[in-house]
Amino acid sequence: MVELSERIKRLLPDAVLSAGSSLGQQYVVVRREAVVEAMRKLRDDETMLFNFMMDLTAVDYLGKRAHDARYEIVYHLYSLKHHHRIRVKVSVGADDPSLDSIVPVWKGADWFEREAWDLYGITFKGHPNLKRILLYEEFVGHPLRKDYPIKKRQPLIGPEN
Amino acid sequence: MSEYQMDLHTEPMILNMGPSHPATHGTVRFLLKLDGEKILNCDTEIGYLHRAFEKHCEAGTWTQVFPYTDRLNYNSAVQNNVAYALAVEKLLGVEEKIPARATYIRTIVCELARMADHFTNLGAATLELGALTAFLYFVEARELTWDLLESIYGARLTSNYVRVGGLSSDLPEGFAEHVRKVFIKNREFWREFDKLLTKNRIFLDRMRDVGGISQEDAIAWGFTGPCLRSVGVEFDVRKTDPYLIYDQLDFDVPVGTTGDNFDKYLVRMEEIDQSMKIVEQCLGKLPKGPININDAAVRNPSKADVKTNIQSMIHHFKNTIEGINVPAGEIYVPTEGSNGEMGFYLVSVGGGKPWKCRVRPPCFAITQAMGDIVKGAFIADIIPTFDMINLIGGECDR
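One structure accompanies this document, and this report is about it. As the structure is a prediction and not an experimental result, all values here were calculated from the model. (Residues numbered from 1 in each chain as written. Chains lettered and ligands numbered in written order. Predicted model: local features only at pLDDT ≥ 70, side-chain atom pairs only at ≥ 80, totals over all residues. Heavy atoms only, no water.)

### A closer look at the overall build of chain B
Phase 1 of the analysis: Along the backbone of chain B there are 17 helices and eight strands.
Phase 2 of the analysis: Compactness check: chain B gives a C-alpha radius of gyration of 23 Å against a globular reference of 21 Å for 398 residues, within 12% of the reference.
Phase 3 of the analysis: Taking the principal axes of its C-alpha atoms as reference, chain B extends roughly 100 × 45 × 35 Å.
Phase 4 of the analysis: Here chain B holds 398 residues, and 58% of them are scored as buried.
Phase 5 of the analysis: For chain B, long-range pairs separated by at least 24 residues make up 71% of all intrachain contacts whose partners lie at least 6 apart in sequence.
Phase 6 of the analysis: Looking at chain B as shown, the accessible area adds up to about 15800 Å², and 53% of this sits on carbon and sulfur atoms.
Phase 7 of the analysis: A distance of 6 Å separates the average location of the 42 positive side-chain charges in chain B from that of its 53 negative side-chain charges. (Helix = DSSP H or I, 4+ residues; strand = E, 2+ residues; numbered from the N terminus. Rg over C-alpha atoms; globule rule 2.2 N^0.38 Å. Buried < 20%, exposed > 50% of the residue type's maximum accessible area, 1.4 Å probe, protein only. Contact = heavy atoms within 4.5 Å. Areas by Shrake-Rupley, 256 points an atom, 1.4 Å probe, with all protein chains shown as cover. Lys, Arg positive; Asp, Glu negative; His and termini not counted. Charge placed at Lys NZ, Arg CZ, Asp CG, Glu CD.)

### Considerations on the side chain of B:Arg142
Phase 1 of the analysis: In this structure, B:Arg142 sits in helix H5 (residues 132–153).
Phase 2 of the analysis: For B:Arg142, the residues in contact, after removing those within four places along its chain, are B:Ala116, B:Phe119 and B:Thr120.

### With respect to the interface of chain A and chain B
Phase 1 of the analysis: With 41 residues of chain A at the contact, the number on the chain B side is 43 residues.
Phase 2 of the analysis: At the boundary of chain A with chain B, total buried surface from both sides reaches about 3700 Å², with 60% on carbon and sulfur atoms.
Phase 3 of the analysis: There are ten salt bridges connecting chain A and chain B.
Phase 4 of the analysis: A salt bridge links A:Arg87 to B:Glu330; the shortest N-O distance between them is 3.9 Å.
Phase 5 of the analysis: There are 21 residue pairs in polar contact (both at pLDDT 80 or more) connecting chain A and chain B.
Phase 6 of the analysis: The set of elements that each furnish at least two residues to the side of chain A that touches chain B consists of strand E3 (52–60), strand E4 (71–78), strand E5 (85–92) and helix H3 (109–120) of chain A.
Phase 7 of the analysis: With eight residues, the top contributor of residues to the side of chain A that touches chain B is E3(A). (Buried area = accessible area lost by both parts, 1.4 Å probe. Salt bridge = Lys/Arg side-chain N within 4 Å of Asp/Glu carboxyl O. Polar contact = N/O pair within 3.5 Å; in protein donor to acceptor, adjacent residues only side chain to side chain.)

### Focus on the sheet that holds strand E2 (residues 29–35) of chain B
All names here are of chain B.
Phase 1 of the analysis: Strand order in this open sheet of three strands is E1-E2-E3, and the pairing throughout is antiparallel. One side of each edge strand has no neighbouring strand; the edge strands of this open sheet are strand E1 (13–17) and strand E3 (38–45). Strand-to-strand twist across the sheet, computed as the mean angle between neighbouring axes with direction ignored, equals 20°.
Phase 2 of the analysis: Pairing of E2 with E3, which is carried by seven bridges, proceeds in the antiparallel orientation. Its bridge partner being in E3, Leu31 is matched across the sheet by Asp43.
Phase 3 of the analysis: Running at roughly 150° to E2, helix H16 (residues 382–389) makes contact with E1, E2 and E3 of the sheet. (Pairing = 2+ DSSP bridges. Axes fitted to C-alpha atoms, helices over the stretch in contact; angles between N-to-C directions.)

### Re the packing of aromatic side chains
All names here are of chain B.
Phase 1 of the analysis: Under the definition given, this model contains 21 aromatic pairs over all chains.
Phase 2 of the analysis: For the pair Tyr137 and Phe189, a centre-to-centre distance of 6.0 Å together with 75° between the ring planes defines the contact as edge-to-face. With Tyr137 in helix H5 and Phe189 in helix H6 (residues 175–198), this residue pair connects regions lying 52 residues apart in the sequence.
Phase 3 of the analysis: Exposure remark for Phe189: the relative accessible area of 13% places this residue in the buried category.
Phase 4 of the analysis: Arranged with centres 5.1 Å apart and planes meeting at 65°, the rings of Tyr243 and Tyr246 form a pair that is edge-to-face.
Phase 5 of the analysis: The class for Tyr246 is buried, based on a relative accessible area of 2%. (Phe/Tyr/Trp six-rings, centres within 6.5 Å; stacked < 30°, edge-to-face > 60°.)

### Comments concerning the pairing of E5(A)
Residues and elements named next belong to chain A.
Phase 1 of the analysis: Within E5, seven of the eight residues are buried, which leaves the element mostly enclosed by the surrounding structure.
Phase 2 of the analysis: Alignment of E4 against E5, held across eight bridges, turns out to be antiparallel. The residue of E5 that forms the bridge with Ile73 is Val90.

### Observations concerning the pattern of salt bridges
Phase 1 of the analysis: This structure, assessed with the given rule, holds 34 salt bridges over all chains.
Phase 2 of the analysis: Its salt-bridge partner being A:Glu33, residue A:Arg31 comes within 3.6 Å of it at the nearest N-O pair.
Phase 3 of the analysis: A:Arg31 sits in the partly exposed class, given a relative accessible area of 33%.
Phase 4 of the analysis: Assessed through its relative accessible area of 54%, A:Glu33 is described here as exposed.
Phase 5 of the analysis: Residue B:Arg114 is joined to B:Glu111 by a salt bridge in which the shortest nitrogen-to-oxygen separation is 3.1 Å. Placement of the pair is B:Arg114 and B:Glu111 together in helix H4 (residues 100–128), with a separation of three residues, close to one helical turn.
Phase 6 of the analysis: Using a relative accessible area of 1% as the deciding quantity, one classes B:Arg114 as buried.
Phase 7 of the analysis: Exposure remark for B:Glu111: the relative accessible area of 0% places this residue in the buried category.
Phase 8 of the analysis: One continuous salt-bridge network, built from bridges that share partners, spans B:Glu111, B:Arg114, B:Arg229, B:Asp236, B:Arg238, B:Glu271 and B:Glu336.

Below is the structure:
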């Protein structure tokens, strides 16, 4: 039996950059420009049918990777029919941390993308309402970036420190 | 046309509900656009309880994350402990070596926590619908369940019980007997809830045909847990991706049909009953033996060892100061939380601190559909709908 990630690579030869498994979990790395198309195919293809967008988050690999692949957007998909899971990863650089929004594919990605924008500053192009969700509008910066100091305070009211 | 027959010029009214509203639990703000009592639009705003969970986790060692996970879904805190521990153990590659007794106890506390969570949720819902009597019954039942949990880990709300590679303590003496007594009481209470609510006219009128959603929409929004099962989708992580010992247990997954608030109530009621069954099965076959992994690099050696053996002393010191050394890698471990799929996505780059510690909060995905669900309904329908979604601020806002 061919592994799931291999099958996805065959299904989407142009979009998938690499495929494999880590600790028994399947993953594929997708080209940033092809993410929406790839997701739609993963959702609709008979052999895939990933109907759940379970999780979407970002990882900041500051200092661990090259500058042009600092952030990684990580999607976890699940198929109710085939009971399989896949991790889809997309790398974006520090100069232009942006990629296309997948809200047209799964409307449930809405808040998850807003959260990734809020905490990591990843821009999701085409998102209907990309604004802060967990933090307040006046907040400056994106706190889960590794270069945001943990002790930094930005109180809205009260003393500065 | 005489003046009184002309249409009055009216405009929709904007109403702020929350962030702290007496009839909702959890700190959340609804920005409502109303036509009379009818909801034209509802914007949900969350984030009032954001405490930088991930940033804190990244600053501490792997073990220091446990108290933070308690404060995610605080109604079933120990489930978060278990989910996180399972994820770290998988990253370490030691999940096969966890003693059976520890796994059984983890299952027991998870299910007790699920019961407590559902009691809280349903109790709060009845209170907010004006049924104070039913609320008191639910709280009493939860109290008894919490007594059980308290006898295990000494706390009622924030457990901090599970450790990477085991548990902080074993079950107390006479625990099985204590459970037996409490479950007799809880089953009585359960029948009382059933009598008080399931055929109660006022309760039915408020709950039935309100807050429903179609299967396609529920899946597209990322619904999981009781809210998804209430629309008739049989998805339970305990069955589809079994963890702990769920694959060896006999229990049913209740599903609803329409997904309205009443179905969500019924699903939760049935799950309480199933959880009691699971706990009894676990206690029936609870194996004897150690509760911690025999690997000093993962789980601290016992205090007696630390004081007599230099090797154990070194491990104790290194585990505390530097943290457990977790090899580089990434893992996503899904578990069935009380609200739905609660997954931990951990990234390690090697060393004693997590590089990233992400939790997939089930109620986050469900709450975003709130506007969709209540559109066209009446303002009073927000109360039961929002209750049955069971937003937990700690988990949603992290």
